[in-house]
Amino acid sequence: MILVAGATGTLGSRLVQRLLARNLPVRVLTRDPARADGLAALGAEVVRGDLRDEASVRRATLGVTTIMAAAHGFAGTNGSSPETVDRQGNRHLVDAATAAGADFILVSVVGASPTSPMELFRAKYDAEEYVRRSGVPATIIRATAFAETWMGILGEPIRERGHGLVFGRGKNPINFVSATAVAALLERAVVDTSLRGQTLEIGGPSNITLSEFVALLSTAGGVSRKAQHVPRPMLRAMSVLMRAVRPAFAAQAGAAVVMDTRDMTFDASPLRVRFPDLPDVDVRDLIAGTPTQ
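Residues numbered from 1 in each chain as written. Predicted model: local features only at pLDDT ≥ 70, side-chain atom pairs only at ≥ 80, totals over all residues. Heavy atoms only, no water.

## Remarks on the sheet that holds strand β11 (residues 207-208)
Taken together, the three strands give an open sheet; going across it, the order is β7-β9-β11, and neighbouring strands pair in mixed fashion. Of all the strands in the sheet, the pair left with one neighbour each is β7 (145-146) and β11. With two bridges connecting them, β7 and strand β9 (residues 174-177) associate as parallel partners. Paired with alanine 145 across the two strands is phenylalanine 176, which belongs to β9. (Pairing = 2+ DSSP bridges. Helix = DSSP H or I, 4+ residues; strand = E, 2+ residues; numbered from the N terminus.)

In structure tokens form, the structure reads like this:
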């Protein structure tokens, strides 16, 4: 039995569908079972639980052979946060894997570091270190920013206001990866136990700026109005002032500052050479509506 935490998200839902297509038994851990109705209809077992509640995690992991940690607290909604989900929640999962004698697969981020300006990246690094110290047979998958997630974030102003919003100057090249490609790599990590003890990094085939990203979304949406820019000082202010009332927006604003100022490029070729059959979908094709595998 494979337990997937974060199964109703952008990445997790794709992964569960791939595992079920292999006729592998999958158990979904979720705070809201209704959100997993579609996965249950495909054959997944759904259990109620919360990564922040160690007892519910232990119950959910009874009898499992592999634990997949694909959840994140980036948006900070409903009391979740990088601290409670990505650090403490993943620790609960690792401890449960130890008790169950299960393998562990952690979804982390390219750039995870104890000194990162982003709380999520610091929490992911802490989870990686906890996994390594535990001695649990584990594979760590680091991914760049999910293209589908940022298509939703950057596409919302275009749909609602008729013009795009560019966070910051928008001139910094950033790597975006398709969640479908990451799900395919996670699927491989589940079935190929020779990958235990390894850290794999996956990204998309190209790097584009946020200005280019928004322009592509505007064109795809039939919008010709020029995009507006949100200055960095305003983003920094919003990342602090909006935490209490709109934590998801505050997290996005903080991430946008980092994405506008740090090196966010990535060379995906080493992993692609090693696993040439992985889906290799460019963010431009996703925006244009090109089907993914």
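Having seen the structure, we can now continue with the description.
## Overview of the packing of aromatic side chains
The tally for this structure, following the rule as stated, stands at one aromatic pair. Aromatic side chains phenylalanine 176 and phenylalanine 213 sit 4.8 Å apart centroid to centroid with 80 degrees between the ring planes, which places their arrangement in the edge-to-face category. Separated by 37 residues along the polypeptide, phenylalanine 176 in strand β9 and phenylalanine 213 in helix α8 (residues 210-220) bring together distant segments of the chain. Here the guanidinium or amino end of arginine 246 rests over the ring plane of phenylalanine 249, the centre of that ring lying 4.7 Å away. (Phe/Tyr/Trp six-rings, centres within 6.5 Å; stacked < 30°, edge-to-face > 60°. Lys NZ or Arg CZ within 6 Å of the ring centre and 35° of its normal.)

## Focus: unusual backbone geometry
Here asparagine 23, not a glycine, exhibits a phi torsion of approximately 65 degrees, which is positive. Structurally, asparagine 23 can be placed in the loop between α1 (10-21) and β2 (26-30). Assessed through its relative accessible area of 70%, asparagine 23 is described here as exposed. (Buried < 20%, exposed > 50% of the residue type's maximum accessible area, 1.4 Å probe, protein only.)

## Re the packing of helix α4 (residues 82-100) against helix α5 (residues 119-134)
Following both chains from N to C, one finds α4 and α5 inclined at 15 degrees, their axes separated by 8 Å at the closest point. For the element pair α4 / α5, the angle class is roughly parallel. Crossing geometry of α4 relative to α5 is assigned as right-handed. Contacts between α4 and α5 involve Pro82, Glu83, Asp86, Arg87, Asn90, Arg91, Val94, Asp95 and Thr98 on the former and, on the latter, Glu119, Leu120, Arg122, Ala123, Lys124, Asp126, Ala127, Tyr130, Val131, Arg133 and Ser134. Class assignment for the residues of the contact of α4 with α5 results in seven nonpolar, three polar and ten charged. (Axes fitted to C-alpha atoms, helices over the stretch in contact; angles between N-to-C directions. Parallel < 35°, antiparallel > 145°, perpendicular 65-115°, else oblique. Left-handed = near helix turned anticlockwise from the far one by under 90°. Contact = heavy atoms within 4.5 Å. Nonpolar A, V, L, I, M, F, W, Y, C, P; charged D, E, K, R; others polar.)

## Looking at the pattern of salt bridges
Under the counting rule described, the total for this entry stands at 18 salt bridges. A salt bridge links glutamate 187 to arginine 18; the nearest nitrogen and oxygen atoms lie 2.6 Å apart. Here glutamate 187, found in helix α7 (residues 179-191), pairs with arginine 18, found in helix α1; they are 169 residues apart in sequence, far enough to count as distant. Given the relative accessible area of 25%, arginine 18 is considered partly exposed. Ionic pairing is found between aspartate 282 and arginine 284, a salt bridge with its closest N-O pair at 3.3 Å. Residue aspartate 282 is classed as buried on the basis of its relative accessible area, which comes to 11%. (Salt bridge = Lys/Arg side-chain N within 4 Å of Asp/Glu carboxyl O.)

## Section: the sheet that holds β2
Spatially, seven strands are ordered β3-β2-β1-β4-β5-β6-β10 in an open sheet, and the strand pairing comes out parallel. With one partner strand each, in any of the chains shown, β3 (45-48) and β10 (199-202) form the two edges of the open sheet. Between one strand axis and the next, the sheet turns through 20 degrees on average, direction left out of account. Bridge analysis of strand β1 (residues 2-5) against strand β4 (residues 66-69) gives four bridges, and the strand direction is parallel. Directly across from alanine 5, in β4, lies its bridge partner alanine 69. Together, β5 (103-109), β6 (138-143) and β10 form the strand contacts of α5, whose direction differs from that of β5 by roughly 155 degrees.

## Side note on the environment of alanine 123
Following the sequence through the fold, alanine 123 ends up in helix α5. Among the residues examined, alanine 123 registers a relative accessible area of 0% and is labelled buried. Not counting residues within four places of it along the chain, the set of residues in contact with alanine 123 comprises Pro82, Asp86 and Arg87.

## Things to note about the environment of valine 281
By secondary structure assignment, the location of valine 281 is in the loop between α11 (269-274) and α12 (283-288). Along the sequence, valine 281 and glutamate 45 sit 236 residues apart, while their C-alpha atoms lie 30 Å from each other.

## Thoughts on the nonpolar core
Within the largest apolar cluster, 38 residues are counted, with the highest numbers of intra-cluster contacts made by Trp150, Leu154, Phe167, Phe176, Phe213 and Leu235. Of all the elements in the fold, those that place two or more residues in this core are α5, α6 (147-161), β8 (165-167), β9, α8, α9 (232-241), α10 (247-261) and α12. With seven residues, α10 is the largest single contributor of residues to this core. Among all residues touching phenylalanine 176, those that are not within four sequence positions of it are Thr144, Ala145, Phe146, Ala147, Trp150, Gly204, Ser206, Ile208, Leu210, Phe213, Met259 and Val283. Judged by nonpolar contacts, the second largest core, of 35 residues, contains Leu15, Val28, Ala44 and Leu271. (Core = buried A, V, L, I, M, F, W, Y, C linked by side-chain atoms within 4.5 Å.)

These results come straight from atomic positions and should not be treated as a statement about function.
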